[in-house]
Amino acid sequence: MDIQLSIQKLTKRYKTGDGVSDISLDVQKGELITLLGPSGCGKTTVLRSIGGFLEPDSGDILIENKSVLKAPPEKRPTAMVFQSYNLWPHMTVFDNLAFGLKIRKMKKSEIDQAISEVLKLIRLSGSEQKFPGQLSGGQQQRVAVARALLLKPAVLLLDEPFSALDAKLRHEMREELREIQSNTGLTMVFVTHDQEEALSISDRIVVMNKGHIEQVASPQEIYDEPKTLFAAQFIGKMNFLKGVVTNGRVMIAQLAFPNSKNLSGNVTLAIRPEDVQLFDGEEAGLPGTIKHIMVLGHYAEVSIDLQGHGIIRSFRPRDQVNDLRTGQHVKVNFAKTLVFPTV
Amino acid sequence: MSKQTKMGILGLLLVLPSFLVLFVIVVLPIALSFKESLTNASGGYDLSNYIYLFTNKLMRSNIIFTLEVTIISVLLILAISYALAVYMRFNNGAVVQWIRRLYMIPMFIPGVIATYGLIQLLGNHGWAARILYQFGIESFPRIIFDMKGIIIANLWFNIPFTTMLLGSALSAVPNSVIESAKDVGAGTIQIFFKFILPLTYKTLLVGATFAFMGVIGSFTAPFLLGPNAPQMLGVSMEQVFGVFQQKQLAAALAFFTFLLCSIMGFFYIREMIKDEGVKA
Ligand SMILES: Nc1ncnc2c1ncn2[C@@H]1O[C@H](COP(=O)(O)OP(=O)(O)O)[C@@H](O)[C@H]1O
Ligand SMILES: [Mg+2]
């Protein structure tokens, strides 16, 4: 596979001391990669460095094997979609879309052609003469994406482009972006703090925390095998229990769990709610009491008090909770556990 | 009474006070001075005062002088203020910090004091002349008691407010608008003319209107440091009224000044409405 974008040991520190350090990342051609992390972890800093809006302190950025570090934004083969205020309010949709093409000295007939095609792609045909103020938030962001697409960038950068939209629209936009991506084969770097968004659209996810990368992997891998405690708690729902390693085995009360990383001392176990199994009777397991049963459509969330080991949540299919009730004593076991050193 | 009529009456009652104030302090005086300006020497009504305004050589030169001073001042005020505001918006560092601290100062100095200060500085034997003399430059241009003096004073009085106004308009232009323009390939000049200027020209127009009205109606500076002839309309009005005791002619002058301002106001309002139309 061709590497379209290569970030090498990128470091950028603001005067305040915040920033990112030692970011290295290779993005394949045609890949949609997501930078995911809590607000302030440095996602925008990385993205703006790629786009040329920020000058890194050190490191290099290569696009199609050429360093772009010296080039200003207008000379880089990138296009950026911002979180909001993307469109130029004093220009019609057509002029917003045509501006970059005119700069590139494209012929008028070709511009008309390209714009009508891209408007069809984003389902806004006929809106050429509207002003941004006459469009909804979602439509504006679609035009912003279209404007970036028209430039045929080597890498498309999107900084939380849908975060200002309501949940339903956000969903639709994700699907649409994914579709555009597979139609155009464009390389995209997508920034979000929303783990669900990241899981749903990405080929790969870059989990960031406090200015560095925690893990780079596919959504499934990040979900199933989070490499760090941070990745484990940031992506998806997760239970955490304290354990201790004795004789090479992770113990909670009398129960042993695999010690896949050969840790020692105090450890933290991470268990997905869907891996928390409930038994009644004599099976081995941690004793607990059901505190709460919440039916959430096709599944139910059951909270169990593990008597001194904290509260744990279990997701169960609905038909399995029919004979459970609050206050009932149960045994709890785990289909799968992850172990991390306690920090 | 239906609810609607009640609400209607309530609405009327609510706007009545402000309408009355407006009527008493704006509409009424204008109407009265208009009536006054139409009164001729024999007590009848005709346009003689206006004819005098536009045929008398001195009056005509006063009008032309006023328009010249006003137009040059307004253009300079806008150019300098806009440059300052743009500079402050898109740069940071020590220079910007200093401009930020200093540019409002003229607003806090009373007009008379500032005017005397300018006379001290730029007068025939003022500070500037004396300092230049030390460097062997003996001829100092006539600034005070000349059009230049009035224009400089107008700059001093108007730049702070206009800069503030434009500064707030410029800070309302989101960074992402400018960055996305850069992103699609626009250079500095295009960014200025295609984005910054169109997004702030309305405020530029507001600034122009304020500056125009302020300058055309100014009195202190033209009175203290303007030439004896020709005069700005404000000074001329005072003379016609106070020295020559020609109330009717003074009223005609006042009404004419009001008309000039109205023209400016008309263009201003027309632009505002035109833009609303596009957006809606
Ligand atoms: N221009 C700046 N000056 C100083 N600190 C900044 C600046 N921009 C961002 N930061 C800080 O750098 C860190 C990373 O910011 P950012 O990249 O915007 O994070 P994210 O996009 O992940 O929310 C944050 O702590 C933020 O406060
Ligand atoms: Mg951000």
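Residues numbered from 1 in each chain as written. Chains lettered and ligands numbered in written order. Predicted model: local features only at pLDDT ≥ 70, side-chain atom pairs only at ≥ 80, totals over all residues. Heavy atoms only, no water.

Labelled according to an unreviewed UniProt entry, chain B appears under the name ABC transporter permease subunit, originating from Paenibacillus mangrovi. What UniProt records for chain B under Subcellular location (unreviewed entry) is the sentence "Cell membrane". On record in UniProt, under Sequence similarities (unreviewed entry), the comment for chain B is "Belongs to the binding-protein-dependent transport system permease family. CysTW subfamily." (UniProt positions renumbered as here; feature names shortened; annotations may be inferred.)

Labelled according to an unreviewed UniProt entry, chain A appears under the name Carnitine transport ATP-binding protein OpuCA, originating from Paenibacillus mangrovi. Check the Catalytic activity (unreviewed entry) section of the UniProt entry for chain A; it says "a quaternary ammonium(out) + ATP + H2O = a quaternary ammonium(in) + ADP + phosphate + H(+)". According to UniProt, the comment filed for chain A under the heading Subunit (unreviewed entry) is "The complex is composed of two ATP-binding proteins (OpuCA), two transmembrane proteins (OpuCB and OpuCD) and a solute-binding protein (OpuCC)."

A. Representation of helix H3 (residues 57-90) of chain B within the structure. The terminal C-alpha atoms of H3 of chain B lie 49 Å apart, and with 34 residues this matches the ideal 50 Å at 1.5 Å per residue to within 8%. At the N-terminal end of H3 of chain B, a side-chain oxygen is found 2.9 Å from the backbone nitrogen of Leu58 of chain B, two or three residues along, and the residue is Asn56 of chain B. (Helix = DSSP H or I, 4+ residues; strand = E, 2+ residues; numbered from the N terminus. Expected span 1.5 Å × (residues − 1). Polar contact = N/O pair within 3.5 Å; in protein donor to acceptor, adjacent residues only side chain to side chain.)

B. View of the site of ligand 1. All names here are of chain A. Taken together, Tyr14, Thr16, Asp18, Gly19, Pro38, Ser39, Gly40, Cys41, Gly42, Lys43, Thr44 and Thr45 are the residues near ligand 1. Contacts to ligand 1 include Thr16, whose side-chain N or O atom sits 3.4 Å from a nitrogen atom. Contact between ligand 1 and Gly40: an oxygen atom at 2.6 Å from a main-chain N or O atom of the residue. In isolation ligand 1 exposes 550 Å². Once the protein is present, 63% of that is buried. (Near = heavy atom within 4 Å. Areas by Shrake-Rupley, 256 points an atom, 1.4 Å probe, with all protein chains shown as cover.)

C. Representation of the UniProt feature "domain: ABC transmembrane type-1" (unreviewed entry) in chain B. The sites that UniProt annotates as "domain: ABC transmembrane type-1" (unreviewed entry) are residues 63-268 of chain B. Strand forms 0% of residues 63-268 of chain B and helix 77%; the C-alpha atoms that close the span are 22 Å apart.

D. Main features of the UniProt feature "domain: ABC transporter" (unreviewed entry) in chain A. With numbering aligned to this structure, UniProt lists the feature "domain: ABC transporter" (unreviewed entry) at residues 5-235 of chain A. Along residues 5-235 of chain A one finds 37% helix and 25% strand; the C-alpha atoms at either end are 25 Å apart.

E. How the structure looks around the interface of chain A and chain B. Opposite the 24 residues of chain A that make contact, chain B presents 19 residues. Contact between chain A and chain B buries roughly 1900 Å² in total, counting both sides, with carbon and sulfur atoms accounting for 65%. The largest contributions to the chain A side of the interface with chain B come from Glu74, Trp88 and His90 of chain A, which together make up 27% of the buried area. Along the contact surface separating chain A from chain B lie one salt bridge. (Contact = heavy atoms within 4.5 Å. Buried area = accessible area lost by both parts, 1.4 Å probe. Salt bridge = Lys/Arg side-chain N within 4 Å of Asp/Glu carboxyl O.)

F. Geometry of the pattern of salt bridges. Residues and elements named next belong to chain A. In the structure shown here, the tally under the stated rule is 15 salt bridges over all chains. In this structure, the salt-bridge partner of Asp112 is Lys108, at a minimum N-O distance of 3.1 Å. One end of the pair is Asp112 and the other is Lys108, both in helix H3 (residues 108-121) and four residues apart, which spans about a single turn. Residue classification places Lys108 among the exposed positions, given a relative accessible area of 59%. Between Glu176 and Arg142 there is a salt bridge whose closest N-O contact spans 3.3 Å. Of this pair, Glu176 sits in helix H5 (residues 167-184) while Arg142 is found in helix H4 (residues 137-150), placing the two residues 34 residues apart along the sequence. (Buried < 20%, exposed > 50% of the residue type's maximum accessible area, 1.4 Å probe, protein only.)

G. Expanded view of the sheet that holds strand E14 (residues 265-271) of chain A. Residues and elements named next belong to chain A. Pairing is antiparallel across the open sheet formed by five strands, whose spatial order is E13-E12-E11-E14-E20. Each end of this open sheet is capped by a strand with a single partner; those strands are strand E13 (255-257) and strand E20 (338-341). Between one strand axis and the next, the sheet turns by 40° as a mean value, whatever way the strands run. As defined by bridge partners, E14 adjoins E20 across four bridges and the pair is classed as antiparallel. From the neighbouring strand, Val267 faces E20, where its bridge partner is Pro341. (Pairing = 2+ DSSP bridges. Axes fitted to C-alpha atoms, helices over the stretch in contact; angles between N-to-C directions.)

H. Highlighting the domain arrangement of chain A. Residue and element names in this part refer to chain A. On domain assignment, one finds that chain A holds domain 1 (3-231) and domain 2 (237-341). For domain 1 and domain 2, the distance between their C-alpha centres works out to 39 Å. Listed by partner, the interface residues are eight residues for domain 1 and ten residues for domain 2. Summed over both sides, the interface of domain 1 with domain 2 buries roughly 690 Å², with 51% coming from carbon and sulfur. (Domains from an automatic or database assignment.)

I. Structural view of the nonpolar core. Judged by nonpolar contacts, the single largest core of 97 residues is most densely connected at Leu97, Ile115 and Leu156 of chain A. Top element by residues in this core is H3 of chain B. It accounts for ten residues. Those residues in contact with Leu156 of chain A that sit more than four places away from it in its chain are Ala79, Val81, Ala148, Leu149, Leu186, Thr187, Met188 and Val189 of chain A. Grouped together as the second largest cluster of nonpolar side chains are 26 residues, Leu10, Val20, Cys41 and Ala154 of chain A included. (Core = buried A, V, L, I, M, F, W, Y, C linked by side-chain atoms within 4.5 Å.)

J. Representation of the environment of Arg249 of chain A in the model. Within the secondary structure, Arg249 of chain A sits in strand E12 (residues 249-252). Put simply, Arg249 of chain A and Ile33 of chain A are 216 residues apart on the chain and 37 Å apart in space, counted from C-alpha to C-alpha.

K. Representation of the packing of aromatic side chains within the structure. In the structure shown here, the tally under the stated rule is 17 aromatic pairs over all chains. Their ring planes at 50° and their centres at 5.9 Å tell us that Phe162 of chain A and Phe190 of chain A sit as a pair that is tilted. Of the two residues, Phe162 of chain A is situated in the loop between strand E7 (155-159) and H5 and Phe190 of chain A in strand E8 (residues 188-192); the sequence distance between them amounts to 28 residues. According to the relative accessible area criterion, Phe162 of chain A is buried, its value standing at 1%. The exposure class of Phe190 of chain A is buried, given its relative accessible area of 0%. An aromatic cluster of three or more residues is present, and its members are Trp88 and Phe99 of chain A together with Phe195 of chain B. Of note, Arg147 of chain A hangs over the ring of Trp88 of chain A, and the distance from its end group to the ring centre comes to 4.0 Å. The ring of Trp127 of chain B carries the charged tip of Arg130 of chain B above its face, separated from the ring centre by 4.9 Å. (Phe/Tyr/Trp six-rings, centres within 6.5 Å; stacked < 30°, edge-to-face > 60°. Lys NZ or Arg CZ within 6 Å of the ring centre and 35° of its normal.)

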